[in-house]
Amino acid sequence: MPSGNSWKDVLRPWVYRMRNTRDRMLGGACTVLLYHRVIDIPSDPQQLAVGPAEFEAHLQVLKSRYRVLTVAEFDHHLLHGKRFPDRSVLLTFDDGYADNHYFARPLLEKYGMQALFYIASGYMGSGREFWWDEVERLLLHRPVPLLLDLQLPDLRLKVPEAGATPNRGDDQEAYASALVQLRKLPGNERDALLIKLRSSIGPAEPRSTHLPMSVEELREFAASPAVVIGAHTVLHPSLAQLPEGEQRQEISASKAQLEHLLGISVPYFSYPFGTGADFSATTERLARAAGFRHTAANYPGFVHARSPQHRFPRHLVRNWQGPEFAHRMEQFAP
Ligand SMILES: [Zn+2]
């Protein structure tokens, strides 16, 4: 997701590099990988999808050269301050796409591995796309370029000059700008804007390739030994942009909804988007108070026995072929 440039953005890569060097020298760290989707799709502007063949190649590399931990093993080391085994890895997924059930789970089972899946509870069984996918479909996948004068005063999209012909560049700009604006809103305000956007642009069905899990799928999925369920808020906001009460609601309700749907305890959480701008010290306190054992962020780094339990780093994985994945892992691994 795009973000504004500030001095923090400029310094951040250097801070990561220094921390990574320190952790590499100390050893005993775990590489936590972050996936979102396992599926082949023709268009993926957020680069969230890894093809099933590529994902299997990743698992083969991990099987032969690394030690993939179960979630219980990861807990044991992080929560008790124990040195992680050499070349240890934890697999995690965010959001709760149906493809996790149909493509990722069977491959994890085949290789005898387990992953921690953080689920945005409000989308399960909703039959609608995650909000960033819906914005992509509405603004980028139209047969003709959009007329952007949508009469949406709350959503400031670029409108072409009077008399100008709309073009695909306008659509791209509108898409990027909509993502930035919608990310900052509470879920109910974002949903209200999406309804207006939907009715302005015209009816279109959700894409079957982009659906979150149904409740039935989630239940079957959660029953697999390859799957451990965590929470990821209800409607996937950038938590730090919300007042404390709304943050608490998003965090606690996602845990309660998943526990109610599945009849299990859900003691894990990850911050939506997960960059340093998407959660605050208040968010961390709320995650701890909600009863989560640990919470994942989304910036690179290693997890070691002294890592903060409520903002541990993860390495984002892209749709890399096996050899590139192996190369990237060598760069990541402590
Ligand atoms: Zn997410």
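Residues numbered from 1 in each chain as written. Predicted model: local features only at pLDDT ≥ 70, side-chain atom pairs only at ≥ 80, totals over all residues. Heavy atoms only, no water.

### Thoughts on the coordination of the zinc ion
The protein atoms that coordinate the zinc ion are Asp95 (OD), His232 (NE2) and His236 (NE2), at distances of 2.0 to 2.2 Å. We note that the donor set of the zinc ion lies within a single chain, spaced as D-x136-H-x3-H. Taken as a pair, Asp95 in strand β5 (residues 88–95) and His232 in the loop between β7 (227–231) and α9 (244–262) lie far apart in primary sequence, 137 residues in all. As far as the burial class goes, Asp95 and His232 line up, both buried. (Donors = N, O, S within 2.8 Å, 3.2 Å for Na, K, Ca; no water. Helix = DSSP H or I, 4+ residues; strand = E, 2+ residues; numbered from the N terminus. Buried < 20%, exposed > 50% of the residue type's maximum accessible area, 1.4 Å probe, protein only.)

### Side note on the packing of aromatic side chains
Scanning the model with the defined rule gives 17 aromatic pairs in all. Look at Phe117 and Phe221: their rings are 4.7 Å apart centre to centre, the planes differ by 80 degrees, and that puts the pair in the edge-to-face class. Of this pair, Phe117 sits in strand β6 (residues 115–119) while Phe221 sits in helix α8 (residues 215–222), and the two are 104 residues apart along the sequence. On the accessibility criterion, Phe117 (1% relative accessible area) is buried. Here Phe221 falls in the buried class, since its relative accessible area comes to 0%. By way of ring pairs, the aromatic residues Tyr97, Tyr123, Phe130, Trp131, Trp132 and Phe273 are connected into one cluster. In this structure, Arg183 packs its charged tip against the face of Phe273, placed 4.1 Å from the ring centre. In this arrangement the basic side chain of Lys255 is found over the ring face of Phe292, its NZ or CZ atom lying 5.7 Å from the centre. (Phe/Tyr/Trp six-rings, centres within 6.5 Å; stacked < 30°, edge-to-face > 60°. Lys NZ or Arg CZ within 6 Å of the ring centre and 35° of its normal.)

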